[in-house]
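So you can see what is in the structure, the chains are spelled out below.
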Amino acid sequence: MNFDLPKNIAESIEALSVPILESISKEEIEGFKPYYERYYENKYCTIFNTDTENNDIFVRFHTNRLILVSIAAGHDIFRHKKTIESIDFNVNGTNMLDISISGKKKAGAKKLKKNSVLCFIKCKDDDKQYPVYSCIPSSLIEVNHLVLDKPQLLISSYKELGFIGVLYPQRSGPKASSIDKMFADLKLHSESEYQQYLGSRREATEAEIVP
């Protein structure tokens, strides 16, 4: 059944029909955050650093509780401008690439402790293997195969496509309190805390080389 709206109602509807981009202010468009900032809470793990090695890990907590693990900007690979040659997922006789997950309970996932190694990174003109730690008591449910073909993504896109794997955290009790407790127990840095940490580390390094 077709019918015409009264003229005044039709004019009101037309006046309200504004193209989406025209309905958003320039300030709102410029301030629109990319997906990896809107849906992830960024944390940083530095507990595996020593006086001579910086193994900083970037840990992203998604709103669905899954975790992405990458190396952070303060890692020695970043600091020394290394070129990543390959990533080895063979750890203590287990190939992390062989995991096969099924069901809601993630059957087949690889159980990890906070100090479990996910993989080793090999860089060009460097005999050293750099371990990447899980940082979180969790289960490895997926390896990012993109970084196998393009390992340099760990540097060029570490906040987006350059993650190493997807983890599912172990927890007990209510979700919020469990996650907050995890942050505190594992001494994970927030974004601002990590920047302060890097600043302090730079100052300490500069102080050591001043004659």
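It should be noted that the structure appears before, not after, this text.
Scoring rules and cut-offs
- Residues numbered from 1 in each chain as written.
- Predicted model: local features only at pLDDT ≥ 70, side-chain atom pairs only at ≥ 80, totals over all residues.
- Heavy atoms only, no water.
- Phe/Tyr/Trp six-rings, centres within 6.5 Å; stacked < 30°, edge-to-face > 60°.
- Helix = DSSP H or I, 4+ residues; strand = E, 2+ residues; numbered from the N terminus.
- Buried < 20%, exposed > 50% of the residue type's maximum accessible area, 1.4 Å probe, protein only.
- Lys NZ or Arg CZ within 6 Å of the ring centre and 35° of its normal.
- Core = buried A, V, L, I, M, F, W, Y, C linked by side-chain atoms within 4.5 Å.
- Contact = heavy atoms within 4.5 Å.
- Pairing = 2+ DSSP bridges.
- Axes fitted to C-alpha atoms, helices over the stretch in contact; angles between N-to-C directions.
- Salt bridge = Lys/Arg side-chain N within 4 Å of Asp/Glu carboxyl O.

A. Seen up close, the packing of aromatic side chains. Counted by the stated rule, this structure contains 6 aromatic pairs. For the pair Phe58 and Tyr158, a centre-to-centre distance of 5.7 Å together with 65° between the ring planes defines the contact as edge-to-face. Taken as a pair, Phe58 in strand 2 (residues 57-62) and Tyr158 in the loop between helix 7 (153-156) and strand 11 (165-169) lie far apart in primary sequence, 100 residues in all. Judged by centre distance (5.2 Å) and plane angle (70°), the rings of Phe78 and Tyr158 are edge-to-face. Here Phe78 is found in helix 5 (residues 76-79), whereas its partner Tyr158 is found in the loop between helix 7 and strand 11, with 80 residues between them in sequence. No difference in accessibility class separates Phe78 from Tyr158, as the two residues are buried. These aromatic residues form a ring-pair network of at least three members: Tyr44, Phe58, Phe78, Tyr158, Tyr194 and Tyr197. For Arg60, the ring lying beneath its charged end belongs to Tyr40, and the centroid distance is 5.3 Å.

B. The arrangement of the nonpolar core in detail. Grouped together as the largest cluster of nonpolar side chains are 44 residues, with contacts concentrated most on Phe61, Ile77, Ile121, Val132, Cys135, Ile136 and Leu154. Per element, the largest residue contribution to this core is 5 residues, and it comes from strand 8 (residues 117-123).

C. Structural detail: the environment of Gly108. The topology assignment puts Gly108 in the loop between strand 6 (94-95) and strand 7 (110-112). Separated by 32 residues in the primary sequence, Gly108 and Leu140 have C-alpha atoms spaced 9.2 Å apart. If we ignore the near neighbours within four places in the chain, the residues touching Gly108 are Ile99, Ser100 and Ile101.

D. Representation of the environment of Pro151. As for its position among the elements, Pro151 is in the loop between helix 6 (146-149) and helix 7. Of the residues examined, Pro151 reaches a relative accessible area of 10% and is grouped as buried. Beyond its immediate stretch of four places on either side in the chain, Pro151 contacts Ile84, Glu85, Ser86 and Ile87.

E. Seen up close, the sheet that holds strand 7. Pairing is antiparallel across the open sheet formed by 6 strands, whose spatial order is 1-2-3-11-10-7. Edge strands, defined here as strands with exactly one partner in the open sheet, are strand 1 (40-45) and strand 7. The mean angle between the axes of side-by-side strands here comes to 35°, regardless of whether they run parallel or antiparallel.

F. Main features of the pattern of salt bridges. Throughout the structure, instances matching the rule amount to 6 salt bridges. Here Glu41 and Lys43 are joined by a salt bridge, their closest N and O atoms 3.8 Å apart. Judged by its relative accessible area of 39%, Glu41 falls in the partly exposed class. Between Arg201 and Asp56 there is a salt bridge, and its shortest N-O distance comes to 3.1 Å.

G. A look at the side chain of Asn55. With respect to the element layout, Asn55 can be found in the loop between strand 1 and strand 2. Contact partners of Asn55, with chain neighbours within four places excluded, come to Cys45, Phe48, Asn49, His75 and Pro131.

H. Seen up close, unusual backbone geometry. A positive phi angle, near 85°, is found at Arg65, a position not held by glycine. Structurally, Arg65 can be placed in the loop between strand 2 and strand 3 (67-71). A positive phi angle is found at Lys187, which is not glycine, with a value near 55°. Among the structural elements, Lys187 can be located in the loop between helix 8 (175-185) and helix 9 (191-209). On the accessibility criterion, Lys187 (59% relative accessible area) is exposed.

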